[in-house]
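Below, each chain spelled out in residue letters.
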Amino acid sequence: MLPSLAKYFGVTVDELIGMDEIAGSEKYNKINKEWEENNRNGNHYNNVVLMRNALKKFPNNELLLVQLSTSLEKLDGTKEERAKYLRESIAVQEQILYYGRDLEIRSATLYNICFAYWKNGEYDKALEKAGKLPNLYKTRENALVYFLQGKERHDAAKAALKSIAWSIALHMSVLAETEEDPAYLKKTAQILDLLFDGKEDEYTGFLREKFNL
């Protein structure tokens, strides 16, 4: 009966039984795995080509657009070429903000585009976009701990410590610089010890190196 049904609805048999959707999903997953491997190996030019071709099959796919924009910003070249790649990355990110529906991707893109405009010398636009970001209070981490229960609530609070530590280290380092007072950095190191029970791991090591703690 499948050929008759397909003819009646004006579709192929593969479309009728969902084979095209399955094949598309498999191809989509393969593309993303290839992008991740290229990214790990620093093959950013290959990723730009990969994403441009992928977007022909999956137009306006938000994740693919994000991966294209990040790959563009990682391309090397002359000063003029890097500026061109950056402008294209900004255009792709504006496309995500205009058409995108995934709130998490939109939020991440809004954050990233601030730095893209800043690197491009468009400081007013960087400030404009930054002003649209949520403040520290209205975050996913702060909301989840109100609604979760038991172990999930505990795990969410524990995981939030990394974000909290980053924010503290960032702002304290700014105060240390603007007030020319290294005591802020010493206090930050002490706060990290309190937050993570004095345990040194890859993340705390990264923070100490990043902010000279």
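Above this text you will find the structure in question.
Residues numbered from 1 in each chain as written. Predicted model: local features only at pLDDT ≥ 70, side-chain atom pairs only at ≥ 80, totals over all residues. Heavy atoms only, no water.

1. Examining the layout of surface pockets
Going by this rule: A cavity here means a set of 1 Å grid points, computed over protein atoms only, where a 1.4 Å probe fits but cannot escape. A pocket is an open set with protein on both sides within 12 Å along at least 5 of 7 lines, and lining residues have an atom within 4 Å of a point. Grid points are joined across faces, edges and corners, and a volume is the space filled by probe spheres set on the points. The helix count covers DSSP runs of H or I at least four residues long, the strand count covers runs of E at least two residues long, and both are numbered beginning at the N terminus. Each residue is assigned to one of three groups, with Ala, Val, Leu, Ile, Met, Phe, Trp, Tyr, Cys and Pro labelled nonpolar, Asp, Glu, Lys and Arg labelled charged, and all others, Gly among them, labelled polar.
Computed from the structure, the largest pocket encloses a volume of approximately 1,200 Å³. As for the largest pocket, its lining consists of 26 residues, and the residues nearest its centre are Tyr111, Pro134, Leu136, Thr139 and Glu141. Among the secondary structure elements, those contributing two or more residues to the lining of the largest pocket are helix H7 (103-119), helix H9 (140-147) and helix H10 (150-178). Looking at side-chain class alone, the lining of the largest pocket contains 13 nonpolar, 7 polar and 6 charged residues. Quantified by volume, the second largest pocket comes out at close to 200 Å³. Lining the second largest pocket are Tyr111, Cys114, Phe115, Trp118, Tyr123, Ala126, Leu127, Ala130 and Leu133.

2. Some points on H10
Cut-off, in case you're wondering: The span expected for a helix works out to 1.5 Å for each residue beyond the first. Bend is the name given here to the angle between axes fitted to two runs of seven residues, the run ending at a residue and the run starting at it. Only protein chains enter the accessibility calculation, which uses a 1.4 Å probe. A residue is then buried if its area is under 20% of the maximum for its type, exposed if over 50%, and partly exposed in between. Any two residues whose heavy atoms approach within 4.5 Å are treated as being in contact.
Across its 29 residues, H10 extends 42 Å between first and last C-alpha, which sits within 8% of the 42 Å expected from 1.5 Å per residue. In the structure, H10 departs most strongly from a straight axis at Leu161, where the bend amounts to approximately 25 degrees. Where H10 is concerned, the buried positions are Ala156, Ala160, Leu161, Ala165, Ser167, Ala169, Met172, Ser173 and Ala176. Buried residues in H10 make contact with H9, helix H11 (183-195) and helix H12 (202-210). The positive-phi residue at the C-terminal boundary of H10 is Glu180, with phi of around 50 degrees.

3. As for the packing of helix H4 (residues 44-57) against helix H5 (residues 62-73)
Our working definition: A fitted line through C-alpha atoms serves as each axis, taken over the contacting stretch for helices, and the angle formed by two N-to-C directions is quoted from 0 to 180°. In this scheme, roughly parallel covers angles under 35 degrees and roughly antiparallel covers those over 145, while 65 to 115 is roughly perpendicular and the rest are oblique. In this scheme the handedness of a crossing depends on how the near helix is turned from the far one: anticlockwise by less than a right angle means left-handed, clockwise means right-handed.
The N-to-C vectors of H4 and H5 enclose an angle of 150 degrees; their axes lie 9 Å apart at closest approach. Our classification of the angle between H4 and H5 gives roughly antiparallel. The handedness of the crossing between H4 and H5 is left-handed. For the pair formed by H4 and H5, the contact residues are His44, Asn47, Val48, Met51, Arg52, Ala54 and Leu55 on the first element and Leu64, Leu65, Gln67, Leu68, Ser71 and Leu72 on the second. Looking at side-chain class alone, the contact of H4 with H5 contains 8 nonpolar, 4 polar and 1 charged residues.

4. Here's the deal with H5
Going by this rule: Counted as a polar contact is a pair of N or O atoms within 3.5 Å, where, for protein atoms, one must be capable of donating a hydrogen and the other of accepting one, and residues adjacent in sequence contribute only when both atoms are in side chains.
Taking 1.5 Å of rise per residue, the 12 residues of H5 would be expected to cover 16 Å, and the 17 Å separating its terminal C-alpha atoms lies within 8% of that figure. Taken together, the buried positions of H5 are Glu62, Leu64, Leu65, Gln67, Leu68, Ser69, Ser71 and Leu72. At the N-terminal boundary of H5, the capping side chain belongs to Asn61, with an oxygen 3.2 Å from the backbone nitrogen of Leu63.

5. Things to note about the environment of Asn38
Its place among the elements puts Asn38 in helix H3 (residues 19-40). In the structure, Asn38 is positioned 12 residues away from Leu50 in sequence and 9.8 Å away in space, judged by C-alpha atoms. Setting aside chain neighbours within four positions, we find Asn38 in contact with Asn43, Asn46, Asn47 and Leu50.

6. Describing the packing of aromatic side chains
Which entries qualify depends on this criterion: Only Phe, Tyr and Trp rings take part, Trp by its six-membered ring, and two of them pair if their centres are within 6.5 Å. Stacked means planes under 30 degrees apart, edge-to-face means over 60, and tilted covers everything else. Charge over a ring is defined by NZ of Lys or CZ of Arg lying within 6 Å of the ring centre and within 35 degrees of the ring normal.
In the structure shown here, the tally under the stated rule is 6 aromatic pairs. Between Tyr28 and Phe58 the ring centres are 5.3 Å apart and the planes differ by 70 degrees, which places this aromatic pair in the edge-to-face class. Here Tyr28 is found in helix H3, whereas its partner Phe58 is found in the loop between H4 and H5, with 30 residues between them in sequence. Residue Tyr28 shares its accessibility class with Phe58, and that shared class is buried. With a centroid separation of 5.3 Å and an interplanar angle of 65 degrees, the aromatic rings of Trp166 and Phe211 are classed as edge-to-face. Here the residue Trp166 occupies a position in helix H10, and Phe211 occupies one in the segment after H12, the gap between them amounting to 45 residues. Three or more aromatic residues joined by ring pairs form one cluster here, namely Trp166, Tyr203, Phe206 and Phe211. Sitting over the ring of Tyr203, Lys162 keeps its end group 5.3 Å from the ring centre. Over the face of the ring belonging to Tyr184 we find Lys187, whose NZ or CZ atom lies 5.5 Å from the ring centre.

7. Here we look at a nonpolar patch on the surface
Just so we agree on the cut-off: Nonpolar side chains (Val, Leu, Ile, Met, Phe, Trp, Tyr) are joined into patches within 5 Å and like charges within 9 Å, using only residues with over 30% relative accessible area and no salt bridge. The accessible surface values rely on the Shrake-Rupley method and a 1.4 Å probe; as for residues, cover is taken only from the protein chains in view. By definition, a salt bridge exists where a carboxyl oxygen of Asp or Glu is found within 4 Å of a side-chain nitrogen of Lys or Arg.
Residues Tyr111, Phe115, Trp118 and Tyr123 make up a contiguous nonpolar surface patch of roughly 480 Å² in combined accessible area. In terms of residue count, the dominant contributor to the nonpolar patch is H7 (3 residues). Looking at where Trp118 falls in the secondary structure, it is placed in helix H7. A relative accessible area of 51% means that Trp118 is categorised as exposed.

These values are about where atoms sit, not about what they do.
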